[in-house]
Amino acid sequence: MSAATRARRSVALVLAIAGVLAMVSLSRLRWRNPDAEAAELRLSWRIPAPSERSCRPPTEAELEGVLPHMRPSEVCTDEAIPYRLTVLLDGDTLRSGPVARAGGRIRAITVYERFVIAPGDHRITVGFAPETASAAEAVAMAMDADVAAAPGDVILVAPDDTGRLGMSEGR
Amino acid sequence: MLKRLLGRVLQRTDGWVDRLYGSKWNPLYQSGALVVLCLAVMLVTGLYLIFFYRIGAPYESIVRIDGQPWGGRWIRALHRYAADGAIVAAVVHALRMFCQGRSWGPRALAWISGVFLVFLLYVCGLTGYVMVWDTHGQLLAAEGARLLDALPLFSEPISRTFAGADPIPSAFFFMNLFLHIAVPVGIVIFLWLHVSRVARPVLLPPRPLLWTTVGLLTGVALVVPAALGPGADLLRLPGDVTLDVFYTFWLPWTRSAAPGVAWLAAGVASAVVVAVPLLTRPRADRRPAPSFASTRLCTGCEQCYTDCPYDAIRMVDREDGREGKVALVNPAACVSCGICAGSCAPMGVGPPGRTGRDQLSRVKEFVQRHPGAGGDMVLVGCGRSAAGAWAGDHTRRFLVSCAGNLHTSVVEYLVRSGARGVLIVACPSRDCWGREGPKWLVERLFHEREAELKARVDRRRVRVAHASAFDQWSLEGVMDKFATELARLDAPVGDDSIEVETECDLAESSTPQDSPLPRPGHTSGP
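Residues numbered from 1 in each chain as written. Chains lettered and ligands numbered in written order. Predicted model: local features only at pLDDT ≥ 70, side-chain atom pairs only at ≥ 80, totals over all residues. Heavy atoms only, no water.

## Observations regarding the nonpolar core
All names here are of chain B.
1) Next: Tyr81, Leu121, Trp133, Phe162, Phe172 and Tyr247 are the most contacted members of the largest nonpolar core, which totals 64 residues.
2) Next: It is helix H4 (residues 72-99) that contributes the most residues to this core, ten residues altogether.
3) Next: Other than its neighbours up to four places away in sequence, Trp133 contacts Pro58, Tyr59, Gln138, Ala141, Phe162, Ile168, Phe172, Phe173, Gly231, Ala232 and Leu234. (Core = buried A, V, L, I, M, F, W, Y, C linked by side-chain atoms within 4.5 Å. Buried < 20%, exposed > 50% of the residue type's maximum accessible area, 1.4 Å probe, protein only. Helix = DSSP H or I, 4+ residues; strand = E, 2+ residues; numbered from the N terminus. Contact = heavy atoms within 4.5 Å.)

## Observations concerning a nonpolar patch on the surface
1) Next: Together, Ile50(B), Phe51(B), Phe52(B) and Ile181(B) line one region of the surface with nonpolar side chains, adding up to about 370 Å² of accessible area.
2) Next: Mapped onto the elements of the fold, Ile181(B) is located in helix H7 (residues 170-194). (Patch = residues over 30% accessible without salt bridge, like charges linked within 9 Å, V, L, I, M, F, W, Y side chains within 5 Å. Areas by Shrake-Rupley, 256 points an atom, 1.4 Å probe, with all protein chains shown as cover. Salt bridge = Lys/Arg side-chain N within 4 Å of Asp/Glu carboxyl O.)

## Quick look at unusual backbone geometry
What you tend to see is this: most non-glycine residues have negative phi, and most peptide bonds are trans.
All names here are of chain B.
1) Next: Following Glu450, the chain continues to Ala451 via a peptide bond in cis, the omega torsion being -10°.
2) Next: Take Ala451: it is sitting in the loop between helix H17 (437-446) and strand E9 (462-466).
3) Next: In this structure, Arg200 is a non-glycine residue whose phi angle is positive, near 50°.
4) Next: Its place among the elements puts Arg200 in the loop between H7 and helix H8 (207-223).
5) Next: Among the residues examined, Arg200 registers a relative accessible area of 34% and is labelled partly exposed.
6) Next: Phi angles above zero are rare outside glycine, and Asp311 is one such case at about 50°.
7) Next: By the element assignment, Asp311 lies in the loop between helix H13 (303-307) and strand E3 (313-317).
8) Next: Judged by its relative accessible area of 49%, Asp311 falls in the partly exposed class.

## Remarks on the domain arrangement of chain A
1) Next: Taken domain by domain, chain A consists of domain 1 (1-30) and domain 2 (33-50 + 82-170).
2) Next: For domain 1 of chain A and domain 2 of chain A, the distance between their C-alpha centroids amounts to 55 Å. (Domains from an automatic or database assignment.)

## A word on the environment of Ala333(B)
1) Next: Tracing the backbone through its elements, the reader meets Ala333(B) in the loop between strand E4 (325-329) and helix H14 (339-343).
2) Next: Those residues in contact with Ala333(B) that lie beyond four places of it in its chain are Pro106(B), Tyr310(B) and Ala312(B).

## As for the pairing of E4(B)
All names here are of chain B.
1) Next: Where burial is concerned, most of E4 is hidden: four out of the five residues are buried.
2) Next: With five bridges joining them, E3 and E4 adopt antiparallel strand pairing. Looking at the pairing, Asp317 lines up with Lys325 of E4. (Pairing = 2+ DSSP bridges.)

## So, the packing of H4(B) against helix H5 (residues 108-132) of chain B
Residue and element names in this part refer to chain B.
1) Next: Between H4 and H5, whose axes approach to 11 Å, the crossing angle comes to 155°. Considering their axes alone, H4 and H5 lie roughly antiparallel with respect to each other. Between H4 and H5 lies a crossing of left-handed hand. Only Trp111, Val118, Leu121, Tyr122, Tyr129 and Val132 of H5 make contact with H4, whose side of the interface consists of Arg76, Arg80, Asp84, Ala86, Ile87, Ala90, Ala94, Met97 and Phe98.
2) Next: Of the residues that constitute the contact of H4 with H5, the class distribution is twelve nonpolar, no polar and three charged. (Axes fitted to C-alpha atoms, helices over the stretch in contact; angles between N-to-C directions. Parallel < 35°, antiparallel > 145°, perpendicular 65-115°, else oblique. Left-handed = near helix turned anticlockwise from the far one by under 90°. Nonpolar A, V, L, I, M, F, W, Y, C, P; charged D, E, K, R; others polar.)

## As for the packing of H5(B) against H7(B)
Residue and element names in this part refer to chain B.
1) Next: One can describe the packing of H5 onto H7 by two numbers: an axis separation of 9 Å at closest approach and a directional angle of 160°. Compared by their axis directions, H5 and H7 come out roughly antiparallel. The crossing of H5 and H7 is left-handed.
2) Next: Taken together, the residues of the contact of H5 with H7 break down into 20 nonpolar, eight polar and no charged.

## Considerations on the environment of Phe98(B)
Residues and elements named next belong to chain B.
1) Next: Turning to its location among the elements, Phe98 is positioned in helix H4.
2) Next: Among the residues examined, Phe98 registers a relative accessible area of 15% and is labelled buried.
3) Next: Through-space distance from the C-alpha of Phe98 to that of Thr280 is 7.9 Å; in sequence the pair is 182 residues apart.
4) Next: Excluding residues that lie within four positions of it along the chain, Phe98 makes contacts with Leu2, Lys3, Leu6, Ser103, Trp111, Val276 and Thr280.

## A closer look at the interface of chain B and chain A
1) Next: Contacts between the two partners involve 42 residues from chain B and, on the opposite side, 44 residues from chain A.
2) Next: Across the chain B/chain A interface, buried area totals approximately 3,700 Å², and carbon plus sulfur atoms make up 61% of it.
3) Next: Arg32(A) serves as the salt-bridge partner of Asp240(B), at 3.6 Å between the closest nitrogen and oxygen.
4) Next: Between the two partners, chain B and chain A, sit 24 residue pairs in polar contact (both at pLDDT 80 or more).
5) Next: Among the elements that take part in the side of chain B that touches chain A, H4(B) stands out by supplying five residues, more than any other.
6) Next: Residues of the side of chain B that touches chain A, tallied by class, amount to 25 nonpolar, six polar and eleven charged.
7) Next: Looking at chain direction, strand E1 (residues 29-32) of chain A and strand E1 (residues 240-243) of chain B are connected through four bridges and run antiparallel. (Buried area = accessible area lost by both parts, 1.4 Å probe. Polar contact = N/O pair within 3.5 Å; in protein donor to acceptor, adjacent residues only side chain to side chain.)

So this is what it looks like as structure tokens:
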């Protein structure tokens, strides 16, 4: 084998190894997620089908044409209860508005909100309640708490086993 | 413009890589086969890893796998690097096809199925990263859920799964595992579709390249273990993350973009890639016409049917009262490579203007026009090879559209007309735009494959070289060596009355009009 061929083969081998190493380096590139410089306030819960049922006796017209043994004693309608979510951070409003329902009008309400917040001490106030006063028995949740958020922390606001809003902090 | 620029870069790179590795082992020519090789490596290593993966404790099981220094750790690294290799090779392969204009017409199916193959490869890779469930997997899952929530697919936001209020259900990891295993089945189906229009598909690279690739990937897997970040913690925002540029290059950008913008960008990019067959299709008047078969000249020998690299020729019953079969070209499958022209002894098949008869007429003119070329070496070659880019004496150069298109009667004519030697320059065998041109050329010249070079032609005066357009270095080397060998031979004696056998009348017209349409819907001419 001539010296030129040996040199060419050596270069070819070195280049092949360099190529594979370059590929491997690109497959393990370090990246600093800028989101981790801040903290995140996260709200997550789901309440099943909050609705208001109103019933009345059926009218004559409604009973007409229905077989006697199939006539209902009352006719009921379910009305979705509109909900409002309010989130305050140190007294400033992060969000205040109605909560959209998932799918149909009497489907469950799912709350999933994320807010980027600056690291440090904060006071967090969350209110989740029906918008109509008539729905007094419907689920309502509220929370008012102080929190110390470090960079990269997730402050999770979610109901506990008793249905009261509580906070979990990542550390 | 972009195509031409990229093509130029690609040709130059090919030339340099040819110089280093030789055209036979140039990995750029084997990019498609390297994808399949990487898939095979992923399959074998994946089978091992699946025994140790636990959907109930995904991260812990990966840590355990990485704790096996002689088994799991390097096998997982090999699995991952092969996945990266597959993407790199697929992109190179697609770029080559794009630059070479091999993405439209009958090749559109291969292009589209190739795009789907890459998409499935991506899905497979992304599910694999989520399966690890480290901070990278967490970021991917959360970002994927955020993007999916922007689409009207789910009644409730699936991002809540990663809110951290509840543990991740094992059904999520089962779904990932299922997709990671099921998607490769789709890959196999699309791979079959990808090669369904070609005859004798070559799925693996030559053994030396195959084992070198596996060896290099294994070596690097032994030395550099696959990255594994800290375990996912849904109540912490992942900070330092190890990204895989080949699979998750988009992550830093989409994190700061609105989901709608991200989907729009992905949609536009996908649409452009899928539309390449339409965008790269030449104007109707510039498209090369498909081959046609002359039913009168066809003897039914089946050689063109055997040689066609695209299965575009069928043998059908004759309808002209003669016995036997006749070749019938399917224009929808024909890419006009012209390889059939080189396979036909009576020169009755080929694209218009490029049949054996057309070549014979051209070479006669060439010899008459350049009488000085007799007694010297004549360069015959594919226009895309080094012969096409040759800067030497053009009076000694005779070009054809593909080395496989070259009819051996041309070589015979040149030798018998007094050329000292005929050097035929073909593209590197794995980079032939007609797939099998160089292979059939050598068979026809030296191994008596139809239409073979006649025994009366002195083989010492005929040589084949494989050199890509920018590999003039190889070509010059072969030319010098061949010239030295020719100098040792007696001076050539020109034949004044050359008769080349064509079995049929030479005056036979080779226009498409003499090819009737035996079956409705299948024309043998344009």
